[in-house]
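If you want the building blocks of each chain, they are given just below.
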Amino acid sequence: CVAGSYLAFQGSASNNCGLCVAGSYTSASGFTTCTPCISGTYSSGSGMSVCASCGSGQVAGGAGLSSCAKCAAGYFAAATGLSACTGCVAGSYLAFQGSASNNCGLCVAGSYTSASGFTTCTP
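Quick notes on the rules
Residues numbered from 1 in each chain as written. Predicted model: local features only at pLDDT ≥ 70, side-chain atom pairs only at ≥ 80, totals over all residues. Heavy atoms only, no water. Disulfide = S-S within 2.5 Å. Helix = DSSP H or I, 4+ residues; strand = E, 2+ residues; numbered from the N terminus. Buried < 20%, exposed > 50% of the residue type's maximum accessible area, 1.4 Å probe, protein only. Contact = heavy atoms within 4.5 Å.

A. Main features of the state of the cysteines. One pass over the structure, following the stated rule, counts seven disulfides. There is a disulfide in this structure between Cys-20 and Cys-34, and the S-S distance comes to 2.0 Å. Note on the Cys-20 and Cys-34 pair: the S-S dihedral is about -85°, so by sign convention the disulfide is left-handed. Of this pair, Cys-20 sits in the loop between β2 (17–19) and β3 (24–25) while Cys-34 sits in the loop between β3 and β4 (35–36), and the two are 14 residues apart along the sequence. Its relative accessible area of 0% is what places Cys-20 among the buried residues.

B. Inspection of the environment of Ala-72 at higher detail. Position of Ala-72 among the secondary structure elements: in the loop between β8 (69–70) and β9 (75–76). When near neighbours in sequence (up to four residues on either side) are disregarded, Ala-72 contacts Phe-96 and Gln-97.

Right under this line is the structure:
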């Protein structure tokens, strides 16, 4: 079987190959099972020979995923291939989702955030 597929039963004819499902891959021929994509990566279709890294501003928080998720407002992912977003630190905020860099704004005088991951400051 070619990369992106597997042979489910030893001794089967090579035309009895199955395609790896989305979220998994085989990198070469001769595999009997597909490997789940690791955290921070994904494969969106069947028959993939490699998993792709999530772009900045997105994460894949577990193994075997078929897509990446945008970071929620209050969080960012400044690099590719991450499994978790980073929250804006206390005293700062980020109002939009999918931020690819630390665009957290500082709270103005007289307002605050008490923890990380806030979308607005409290007066």
